[in-house]
Amino acid sequence: MTKITTDNGATYVTPGLTTTVGAIVVGRLVGNYIERTSRQKFRSYFYNVRNNSQISDNALLRTAISDAFTNSGLEKNGVKIIDVKPKSCPPVTRMDYFYETKNAKEALIGLPKANMKLHEIIHKSLPKYVRDSFIGKYDNEMLRRVYEHGYNASYFPKAKVIGLNIDKMGITIFHEMGHAINHNQSKIWASVQKLKHYSLVAASLFGIAALLKRKKVEGEQPKNKFDKATTFIKDNVGKLTLLMFVPQVAEEYMASHRGNKLAKKVLPPEMLQKVKHMNKLSVISYILGAFSASLGAYFASKTRDAIAEPKKING
């Protein structure tokens, strides 16, 4: 417990350690709950649409992918596509590596054959401090299964590789080509692509700072520059968190825009509409994620303050 004396002579006492820690834990739980539930229904809708929008004519889709890849100029940039497939009858208790299809020409209609397994690409794409940790190794194992079973598709900038299961997630490849174009053919958007990772880390740090920081009582002034900075973060955590998602949303929008332009040249109208609709929902999901994170950080901080509020003892 600590005494606080304000400019107008009022005195407050802060809660004890147990109450403060409890307030932080409850605040975190409330924030996580709000963040998850605020986008849960849309996520379910998004995944349902994605799963039902896969183009059934795989031969036509693969031809379109090959043509779009050629039109994009990404091959000259050294970009490769890996069509990942689960091994036949893999052991349930062991996670096997992704592997390339045996007949690359038949599988990808002339797309360049990749030399690296997606497992290794994911591993190298993680920051060193993450991939060397237990969590990094565990996440890597889980991620391989996610791509293998068609739950995600990604462009990996460090390896210049687009990894996905085309049979299950082929509709998303034009968006991933958009990411690759951003990375390799535009200095501005390559910078935004890098910036979004740092800004998301900053958003998390803002949320943590606001959760750990006690709200100033009326008449209490910051003691130093650090106290002033953290007080500003505390008072504006919702807005700051939302701001940190702008680079991600902008880069995702541009990837979808460029993906749509590629798809327009190689797909018939009906298929093109599926790609555009999926890309639109993808951008909306990132916007919704930004607002969800902002609300979560805001209410986490408010909950912590409500539980561990300093008590006025005189003045």
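Only a predicted model underlies this, so the values are computations on that prediction, with no experimental measurement involved.

**A look at the sheet that holds strand β1 (residues 3-5)**
- Judged by pairing direction, the sheet is antiparallel, and its three strands sit side by side in the order β1-β2-β6 without closing on themselves. If you trace the sheet from one side to the other, it starts and ends with β1 and β6 (311-314), each paired once. The mean angle between the axes of side-by-side strands here comes to 35°, regardless of whether they run parallel or antiparallel.
- Bridge count for β1 against strand β2 (residues 11-13) is three bridges, and the pairing is antiparallel. Bridging across to β2, T5 finds its partner in T11.

**So, the layout of surface pockets**
- Its volume calculated, the second largest pocket comes out at about 300 Å³.
- Lining the second largest pocket are 17 residues, with R28, E35, S204, G207 and A293 positioned closest to its centre.
- Contributing elements (two or more residues each) for the lining of the second largest pocket: α1 (17-52), α9 (187-212) and α13 (269-307).
- Examining the composition of the lining of the second largest pocket, we find that six residues originate from one element, α9, more than from any other.

**Details of the nonpolar core**
- I162, F174, M177 and L267 are the most contacted members of the largest nonpolar core, which has 31 residues in total.
- Taken together, the elements giving at least two residues each to this core come down to α1, α2 (58-72), β5 (161-164), α7 (166-169), α8 (173-185), α12 (246-266) and α13.
- Among residues more than four places away in sequence, those in contact with F174 are L61, A64, I65, A68, A255, G259, A263, V266, L267 and V275.
- If you look at the next biggest cluster of nonpolar residues, it comprises twelve residues, including A202, V237, M244 and F245.

**Things to note about α8**
- For α8, with 13 residues, the first-to-last C-alpha span of 17 Å sits near the 18 Å given by 1.5 Å per residue.
- A large share of α8 lies buried, amounting to eleven of its 13 residues.
- Looking at α8, one finds that the buried residues are I173, F174, H175, E176, M177, G178, H179, A180, I181, N182 and N184.

**Quick notes on the sheet that holds strand β3 (residues 80-83)**
- Strand order in the open sheet formed by three strands is β3-β5-β4, and the pairing between neighbours is mixed. Because the sheet does not close on itself, it has two edges, and the strands there are β3 and β4 (154-156). In this sheet, adjacent strand axes meet at a mean angle of 25° when their direction is disregarded.
- Running at roughly 25° to β4, α8 makes contact with β3, β4 and β5 of the sheet.

What counts, and at which threshold
Residues numbered from 1 in each chain as written. Predicted model: local features only at pLDDT ≥ 70, side-chain atom pairs only at ≥ 80, totals over all residues. Heavy atoms only, no water. Pairing = 2+ DSSP bridges. Helix = DSSP H or I, 4+ residues; strand = E, 2+ residues; numbered from the N terminus. Axes fitted to C-alpha atoms, helices over the stretch in contact; angles between N-to-C directions. 1 Å grid on protein atoms, 1.4 Å probe; cavity = no way out; pocket = protein on both sides within 12 Å on 5 of 7 lines; lining within 4 Å. Points joined across faces, edges and corners; volume = space filled by probe spheres on them. Core = buried A, V, L, I, M, F, W, Y, C linked by side-chain atoms within 4.5 Å. Buried < 20%, exposed > 50% of the residue type's maximum accessible area, 1.4 Å probe, protein only. Contact = heavy atoms within 4.5 Å. Expected span 1.5 Å × (residues − 1).

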